[in-house]
Amino acid sequence: MIALAAAATAAMTPALAQETTTAETPAAAGPGDFSLGSPDAKVKMVEYASFTCPHCAHFHETVFGQLKKDYIDTGKVHFTLREVYFDRYGLWAALIARCGGEMKYFGIQDMLFSKQTEWAASDDPAKVVENLKTLGRSAGLEDAAMEACLNDTANAEALIKQFQTNFEADGVEGTPTLFINGTKYSNMAYEDLKPILDAELAK
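Presented here is a report on the structure given in the accompanying data block. (Residues numbered from 1 in each chain as written. Predicted model: local features only at pLDDT ≥ 70, side-chain atom pairs only at ≥ 80, totals over all residues. Heavy atoms only, no water.)

Overview of the packing of helix α6 (residues 125-138) against helix α7 (residues 143-150)
In step 1: Between α6 and α7, the shortest axis-to-axis distance is 10 Å and the interhelical angle comes to 130 degrees. Relative to α7, α6 is oriented oblique. In this structure, α6 meets α7 at a crossing whose hand is right-handed. Note on element contacts: α7 touches α6 through Asp143, Met146, Glu147 and Leu150, opposite Val129, Leu132, Lys133, Gly136 and Arg137.
In step 2: Counted by class, the contact of α6 with α7 contains 4 nonpolar, 1 polar and 4 charged residues. (Axes fitted to C-alpha atoms, helices over the stretch in contact; angles between N-to-C directions. Helix = DSSP H or I, 4+ residues; strand = E, 2+ residues; numbered from the N terminus. Parallel < 35°, antiparallel > 145°, perpendicular 65-115°, else oblique. Left-handed = near helix turned anticlockwise from the far one by under 90°. Contact = heavy atoms within 4.5 Å. Nonpolar A, V, L, I, M, F, W, Y, C, P; charged D, E, K, R; others polar.)

So, the pairing of strand β3 (residues 77-83)
In step 1: Across the 7 residues that make up β3, a large majority, 6, are buried.
In step 2: Pairing analysis gives 3 bridges linking strand β1 (residues 34-36) to β3, with the strands arranged antiparallel. Bridged to Leu36 within β3 is Phe79.
In step 3: Handedness of the β-α-β unit built from strand β2 (residues 43-49), helix α2 (residues 54-72) and β3 comes out right-handed. (Buried < 20%, exposed > 50% of the residue type's maximum accessible area, 1.4 Å probe, protein only. Pairing = 2+ DSSP bridges. Right-handed = clockwise from strand over helix to strand, strands pointing away.)

Focus: the pattern of salt bridges
In step 1: A full pass over the atoms with the stated rule returns 9 salt bridges.
In step 2: Taking the shortest distance from any N to any O, the salt bridge between Glu83 and Arg98 comes out at 2.9 Å. Separated by 15 residues along the polypeptide, Glu83 in strand β3 and Arg98 in helix α3 (residues 88-99) bring together distant segments of the chain. Residues Glu83 and Arg98 agree in their burial class; the two are buried.
In step 3: Overlapping salt bridges, with partners in common, bring together Asp33, Arg82 and Asp170 in one network. (Salt bridge = Lys/Arg side-chain N within 4 Å of Asp/Glu carboxyl O.)

Focus: the nonpolar core
In step 1: By size, the foremost hydrophobic cluster in this structure holds 61 residues, and its most contacted members are Met45, Phe51, Leu67, Ile108, Leu112, Trp119 and Leu193.
In step 2: A per-element tally of this core places α3 first, with 9 residues.
In step 3: Here Ile108 is in contact with Ile96, Ala97, Leu135, Ala139 and Leu141, once residues within four sequence places are set aside. (Core = buried A, V, L, I, M, F, W, Y, C linked by side-chain atoms within 4.5 Å.)

Re unusual backbone geometry
In step 1: For the bond running from Thr175 to Pro176, omega is -5 degrees, close enough to zero to count as cis.
In step 2: Tracing the backbone shows Pro176 in the loop between α8 (153-169) and β4 (177-180).
In step 3: At Asn181, a position not held by glycine, the phi torsion is positive, near 50 degrees.
In step 4: The partly exposed category is assigned to Asn181, whose relative accessible area is 33%.

Quick word on the pairing of strand β5 (residues 183-186)
In the case of a regular strand, side chains alternate between the two sheet surfaces.
In step 1: By the bridge criterion, 4 bridges tie β4 to β5 in an arrangement that is antiparallel. Note on β5: the bridge partner recorded for Thr177 is Ser186.

Focus on helix α4 (residues 101-114)
In step 1: Compared with the 20 Å implied by 1.5 Å per residue over 14 residues, the 20 Å span of α4 between its first and last C-alpha is a close match.
In step 2: Burial in α4 covers these residues: Gly101, Tyr105, Phe106, Ile108, Gln109, Met111, Leu112 and Phe113. (Expected span 1.5 Å × (residues − 1).)

Here we look at the sheet that holds β4
In step 1: Reading across the sheet, the 5 strands line up as β1-β3-β2-β4-β5 and stay open at both edges, with mixed pairing between neighbours. Across the chains shown, the open sheet's two edge strands, defined by having one partner strand only, are β1 and β5. In this sheet, adjacent strand axes meet at a mean angle of 25 degrees when their direction is disregarded.
In step 2: Contacts from α4 reach β1, β2 and β3 within the one sheet, and its direction differs from that of β1 by about 85 degrees.

This is how it looks when you write it as structure tokens:
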């Protein structure tokens, strides 16, 4: 896993070498997780997900919307997304999602999952980068900022280190993996998730 992650970092810079910019990377692009919902919620839910994982895209298409409406937006669940980097495309996608900071992160991640088959479909890394930048532009990101984010190797390495530490500490083996108040669960449908959340809320 470490070798794969290191290769992802090493492979990032050459693909973007012609797009180097002097623009500063937004401070919010650094390590750390992004969350939704009330920090005081009785239920804390963490999802480990890769932006290139089809099962994760399906979870966000079929489960996350209802979860957000019924539990996150109502203050019952505090949700945190922890990114997993199985490949360089997933890492680059995370860098674009983080480039907009906390205000844009979840809007961009929603597009990354819903349009996964479009932006990640090419075998040409340069094409994938352009696809990601097109997606970023639709979220209001400027090209100079995105190029700075994508070329920030130190930040990418910090993100990979964070991913490795969390992934190994929590014993995660695949994505999506869910933790609900500390208990680990595999991917599931909304009708299976709902009673687990309700049981936690009833405690």
